[in-house]
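# Working through the structure, step by step
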Amino acid sequence: MTVASMTGFARSDGSTGGLTWHWEIKSVNGRGLDVRLRLPPGFEDLEPKIRELCAGKLTRGSIAGLLNVKREAGVTSIRLNEEVLGQVLDAAERLRARAPGASYSVEGLLQIRGVLDYAETEETDGERQQRNQAILAGFAAALDGVVEMRRQEGARLVGLIRDHVARIVHLVETVEASPLRQPEVIRERLRALVARLTDATPALDPDRLYQEAVLLAAKADIEEEVQRLRAHCEAATELLAAREPVGRRLDFLAQEFNREANTLCSKSTSAEVTRVGLELKSVIDQLREQVQNVE
């Protein structure tokens, strides 16, 4: 099994025993597996098996299945109504008694309304079972089509997600390589800050100012966030190579990406790092949008 999307659509058609049927199956995003069916009256007994088929091939997604059924037009059985025929014959005898020359034919009697009953032949249990098996086979074929479409869409999603992860790695490396994060640069910035404060307010203790500045610099250090973002990128790459559904874990990982990017931006003490951090957030939003489609 490979990474799959939750979006798909397929149809199937067939006929059996004077019955034609048409399946339509549509799959969209869903937190779990939600199967909703629209079946004609008399076909409700198909539902448990259909749900079993879906659960065997899908783990997530909202599945809508529609079955249309049409019976062939025409009479399937003719029955002689003995009671109506008896009444017609009694009337004919009475007519013959009143008009001795009157006569009637069998063909004429059969044309009298009600003498013959026209009705569809009722299905036997065997015929119903055969019909259900054929319709279920049609559903299974359409479901295979949905699974294949989801697989193809999943392959496209993997490519997009890999591109986003690669972009995140590049931005993290840009932050790491920023000269503004070098110890000597930070030290000089702190020294200049303390100098400005002591010049403005000579009464301030320079040593205490340095201590406070060092604490602020420690709080503003983004090394931990950078390392977490790198670890998340490695985890995402591993998930994309997994052989089982990973949509939920990718969704959680995307949230963790976003959390680290927010923290990085809030800690940033330079316009350059803030700019990269904002671009990082934009790429992560695009990543989250694609991950929402993964099964």
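Bear in mind the structure is a predicted one, so any value in this text is a computation, not a measurement.

Rules used throughout
Residue numbers here run from 1 along each chain, matching the order of that chain's written sequence. Residue-level local features of this predicted model are given only where pLDDT is at least 70; pairs of side-chain atoms are given and counted only at 80 or more, and the full residue set underlies all totals for whole chains, interfaces and linings. Just so you know, side-chain values use all the structure's heavy atoms and leave hydrogens and water out. Strands are runs of DSSP state E lasting at least two residues, helices are runs of H or I lasting at least four, and both sets are numbered from the N terminus onward. Exposure categories follow from relative accessible area, calculated using a 1.4 Å probe and restricted to protein chains: below 20% of the type maximum is buried, above 50% is exposed, and the middle band is partly exposed. The criterion used for residue contact is that any of the two residues' heavy atoms lie within 4.5 Å. Computed with a 1.4 Å probe, the accessible areas rest on the Shrake-Rupley method; for each residue, only the protein chains presented here act as cover. DSSP bridges decide pairing: two strands pair if at least two such bridges lie between them. Any Lys or Arg side-chain nitrogen located within 4 Å of an Asp or Glu carboxyl oxygen qualifies as a salt bridge. Fitting a line to C-alpha atoms yields each axis, with helices limited to the stretch in contact; the angle taken between N-to-C directions then spans 0 to 180 degrees. Any angle that falls under 35 degrees is termed roughly parallel, while one over 145 is termed roughly antiparallel, one within 65 to 115 roughly perpendicular, and all others oblique. Here a crossing is called left-handed whenever its near helix is offset anticlockwise from the far helix by less than a right angle, and right-handed whenever the offset is clockwise. Any residue that is not Ala, Val, Leu, Ile, Met, Phe, Trp, Tyr, Cys, Pro, Asp, Glu, Lys or Arg is counted as polar, Gly included; the first ten are nonpolar and the last four charged. Take the number of residues in a helix, subtract one, and multiply by 1.5 Å to get its expected span. The arc in question is the one traced by the directions running from the helix axis out to the C-beta atoms. Only Phe, Tyr and Trp rings take part, Trp by its six-membered ring, and two of them pair if their centres are within 6.5 Å. Stacked means planes under 30 degrees apart, edge-to-face means over 60, and tilted covers everything else. For our purposes a nonpolar core is just a set of buried Ala, Val, Leu, Ile, Met, Phe, Trp, Tyr and Cys residues, chained together by side-chain atoms within 4.5 Å.

## Describing the overall build of the chain
- What the chain contains, in helices and strands, is 9 helices and 6 strands.
- Scored against the burial criterion, the 295 residues of the chain give a buried share of 33%.
- Within the chain, contacts between residues separated by at least 24 positions form 78% of all contacts whose residues are at least 6 apart in sequence.
- Within the structure as shown, the chain displays about 17,600 Å² of accessible surface, and the carbon and sulfur contribution to it stands at 53%.

## Concerning the pairing of strand β3 (residues 33-38)
- One ladder, built from 6 bridges, connects β3 with strand β4 (residues 61-71); its direction is parallel. When the sheet's bridge partners are listed, L33 is paired in β4 with G61.

## What about the pattern of salt bridges?
- For the structure on display, the rule yields 18 salt bridges.
- For R156, the salt bridge goes to E153, with nearest N and O atoms at 2.5 Å. Of this pair, R156 and E153 both sit in helix α4 (residues 125-176), 3 residues apart, which is roughly one turn of that helix.
- A relative accessible area of 23% places E153 in the partly exposed class.

## Quick look at the packing of helix α8 (residues 247-267) against helix α9 (residues 271-291)
- For the pair α8 and α9, interaxial distance at closest approach is 9 Å and the crossing angle is 165 degrees. With respect to each other, α8 and α9 are oriented roughly antiparallel. For α8 against α9, the interelement crossing comes out left-handed. For the pair α8 and α9, the contacting residues are G247, L250, D251, A254, Q255, F257, N258, A261, N262, L264 and C265 in the first and V273, T274, G277, L278, L280, K281, I284, D285, L287, R288 and V291 in the second.
- Class assignment for the residues of the contact of α8 with α9 results in 12 nonpolar, 6 polar and 4 charged.

## Remarks on α9
- In this model α9 runs 30 Å from its N-terminal to its C-terminal C-alpha over 21 residues, within 8% of the 30 Å that 1.5 Å per residue would give.
- What α9 keeps buried is the set V273, V276, G277, L280, V283, I284, L287, Q290 and V291. Buried residues of α9, viewed axially, fall in a sector of 125 degrees; they line one side. Of the exposed residues in α9, the ones pointing more than 90 degrees away from its buried face are A271 and E289.
- Its buried side turned inward, α9 meets α4, α7 (223-240) and α8.

## Notes on the packing of aromatic side chains
- All told, the structure shown has 1 aromatic pair when counted by the stated rule.
- An angle of 70 degrees between the planes, with centres 4.9 Å apart, marks the rings of W23 and F139 as edge-to-face. Of this pair, W23 sits in strand β2 (residues 19-28) while F139 is found in helix α4, placing the two residues 116 residues apart along the sequence.
- Overall, W23 belongs to the buried group, its relative accessible area being 0%.

## Comments concerning the sheet that holds β2
- One open sheet accounts for 4 strands, arranged β1-β2-β4-β3; its pairing is mixed. Bordering the open sheet on either side are β1 (8-16) and β3, each of which pairs with just one other strand. Between one strand axis and the next, the sheet turns by 15 degrees as a mean value, whatever way the strands run.
- Pairing of β1 with β2 involves 9 bridges; the strand directions are antiparallel. The residue bridging A10 from the neighbouring strand is I25, located in β2.
- Running over the sheet, helix α1 (residues 47-57) touches β2 and β3 and is turned about 145 degrees from β3.
- Strands β1, β2 and β4 of the sheet are contacted by α4, whose axis makes an angle of about 30 degrees with β2.

## Remarks on the environment of R51
- Tracing the backbone shows R51 in helix α1.
- Exposure remark for R51: the relative accessible area of 35% places this residue in the partly exposed category.
- Between the C-alpha atom of R51 and that of R36, which follows or precedes it by 15 residues, the distance is 9.0 Å.

## Some details on the nonpolar core
- Core analysis: the largest hydrophobic core is formed by 31 residues, its most contacted members being I168 and F257.
- Within the residue set of this core, elements represented by two or more residues are α4, α7, α8 and α9.
- By residue number, the principal contributor to this core is α4, which donates 8 residues.
- Discounting chain neighbours no more than four positions away, the residues touching F257 are I168, L229, H232, C233, A236, I284 and L287.
- Core analysis: the second largest hydrophobic core is formed by 20 residues, W21, L58, F139 and L143 among them.

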